[in-house]
Amino acid sequence: MRQTAKYHQRDSQLPVGRKPSDAADRPGCNDQDRILTTRVGLKIPAVLSYDRWEKAGLHIFQIADSSAWCLGDWLVYGQERYADRYRTGVQAAGLDYQTLRNYAWVARHFELGRRRENLSFGHHAEVASLPPAQADLWLDRAEQHGWSRNQLRLRLRESRQGDRTAPLARVSLPRISVPVDRVERWRQAASKVEGDFEEWILVALDRAAAHELGD
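Please read these numbers as outputs of a predicted model, since none were measured by experiment. (Residues numbered from 1 in each chain as written. Predicted model: local features only at pLDDT ≥ 70, side-chain atom pairs only at ≥ 80, totals over all residues. Heavy atoms only, no water.)

Engineer: How would you sum up the overall build of the protein? Please name residues and give values.
Structural biologist: Within the protein one finds nine helices and two strands. Put simply, the protein has 215 residues, and 27% of those count as buried. Within the protein, contacts between residues at least 6 apart in sequence are counted, and of these 52% link residues at least 24 apart. As displayed, the protein offers around 15,800 Å² of accessible surface, 52% of which is attributable to carbon and sulfur atoms. (Helix = DSSP H or I, 4+ residues; strand = E, 2+ residues; numbered from the N terminus. Buried < 20%, exposed > 50% of the residue type's maximum accessible area, 1.4 Å probe, protein only. Contact = heavy atoms within 4.5 Å. Areas by Shrake-Rupley, 256 points an atom, 1.4 Å probe, with all protein chains shown as cover.)

Spelled out as structure tokens, the structure:
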């Protein structure tokens, strides 16, 4: 997401993967030993152990993953409290509205008490369209078996295929003419979640229908 206001690059006083007290109290610790965060990226020491590199990655992922939840909750609150003005707040913050809508869609389906700290936002997004009891069951399984998001998606797909005791009636959608740049944008979005393009389209349509119908 891109802020509209200009900014100057500044180093964060908090090194990635370390508490403020650790950074201040560790004997012999100086800026040359730390991974420092800046507004536009990381400053990584020339020599870094694998252990520290790995821990930094885990910490960064936790920040990125929690930001999706936080932004989703932020938009849900704005939609409920400031229905006539919340879009102005989104624009002022320089945030992408469609991305926020996706975050909010998942956040709205999972109240705080149902969210699993051991699973990613992506895990929850995979099951958000399911009834709450089924979604919780699949999240339980993902926790117990240590499934990645893609593994959870595969298990869900296999389950759906196995539940079809009889062939479902299928219809062909009307052919539509779409600008090339929009199709390319959709393909890029599908590739980011490592999904089949046609499957991604179906999931996107299911989510849009669930949102409009209040499922």
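Engineer: Describe the packing of helix 2 (residues 50-81) against helix 3 (residues 86-93), and please don't skip the residues or the numbers.
Structural biologist: Packing of helix 2 against helix 3 brings their axes to within 8 Å, and their N-to-C directions diverge by 145 degrees. When helix 2 is examined against helix 3, the residues W74, L75, G78 and Q79 are found in contact with a partner set consisting of Y86, G89 and V90. Residue composition of the contact of helix 2 with helix 3, by class: four nonpolar, three polar and no charged. (Axes fitted to C-alpha atoms, helices over the stretch in contact; angles between N-to-C directions. Nonpolar A, V, L, I, M, F, W, Y, C, P; charged D, E, K, R; others polar.)

Engineer: Any chance you could break down the pattern of salt bridges for me, citing the residues and the numbers?
Structural biologist: The tally for this structure, following the rule as stated, stands at eight salt bridges. The partner of K55 in a salt bridge is D51, with the nearest N and O atoms 3.3 Å apart. In this pair, K55 and D51 are both assigned in helix 2, four residues apart and thus about one turn of the helix distant. According to the relative accessible area criterion, D51 is partly exposed, its value standing at 39%. A salt bridge links R114 to D136; the nearest nitrogen and oxygen atoms lie 3.0 Å apart. On the criterion of sequence distance, the pair formed by R114 in the loop between helix 4 (97-109) and helix 5 (121-127) and D136 in helix 6 (residues 132-145) is long-range, its members being 22 residues apart. (Salt bridge = Lys/Arg side-chain N within 4 Å of Asp/Glu carboxyl O.)

Engineer: Please set out the packing of helix 2 against helix 4 residue by residue, giving values where relevant.
Structural biologist: Where helix 2 meets helix 4, the axes come as close as 7 Å, and the angle between the chain directions of the two elements is 90 degrees. As summarised for this structure, helix 2 and helix 4 are arranged roughly perpendicular, according to the angle between their axes. Facing helix 2, whose interface residues are A68, W69, L71, G72, D73, W74, L75, V76 and Q79, helix 4 presents Y97, L100, R101, Y103, A104, V106, A107 and R108. Looking at the contact of helix 2 with helix 4, its residues break down into 12 nonpolar, two polar and three charged. (Parallel < 35°, antiparallel > 145°, perpendicular 65-115°, else oblique.)

Engineer: Explain the packing of aromatic side chains to me, using residue names and the numbers behind them.
Structural biologist: Following the criterion strictly, the structure yields six aromatic pairs and no others. On the basis of an interplanar angle of 40 degrees and a centroid distance of 6.3 Å, the ring pair of W138 and W147 is categorised as tilted. Considered together, W138 and W147 belong to a single accessibility category, that of buried residues. By way of ring pairs, the aromatic residues W69, Y103 and F121 are connected into one cluster. When the ring centre of W138 is taken as origin, the NZ or CZ atom of R141, which lies over that ring, is 4.6 Å away. (Phe/Tyr/Trp six-rings, centres within 6.5 Å; stacked < 30°, edge-to-face > 60°. Lys NZ or Arg CZ within 6 Å of the ring centre and 35° of its normal.)

Engineer: Just give me the short version of the nonpolar core, but keep the residues and values in it.
Structural biologist: With 19 residues, the main nonpolar core has V106, F110, V127, W138 and L152 as its most contacted residues. Sorting the residues of this core by element identifies helix 2, helix 4, helix 5, helix 6 and helix 7 (149-162) as the ones contributing at least two each. Looking at this core element by element, the count peaks at four residues for helix 6. Excluding residues that lie within four positions of it along the chain, V106 makes contacts with W69, F121, H124 and A125. Among the nonpolar cores identified, the runner-up in size contains nine residues, and L71, V76, Y86 and Y97 belong to it. (Core = buried A, V, L, I, M, F, W, Y, C linked by side-chain atoms within 4.5 Å.)

Engineer: Help me get a handle on the environment of D65, residues and values and all.
Structural biologist: Within the element layout of this structure, D65 appears in helix 2. Residue D65 is classed as buried on the basis of its relative accessible area, which comes to 15%. In this structure the C-alpha to C-alpha distance between D65 and S120, which are 55 residues apart in sequence, comes to 6.4 Å.

Engineer: Give a description of the environment of V76 that names residues and reports values.
Structural biologist: With respect to the secondary-structure elements, V76 resides in helix 2. Taking relative accessible area as the criterion, V76 reaches 12% and is therefore assigned buried. Spatially, the C-alpha atom of V76 lies 7.8 Å from that of A107, the residues being 31 residues apart in sequence. In contact with V76, other than residues within four places in its own chain, are A104 and R108.

From the geometry alone we can't say anything about function, so treat these as descriptive.
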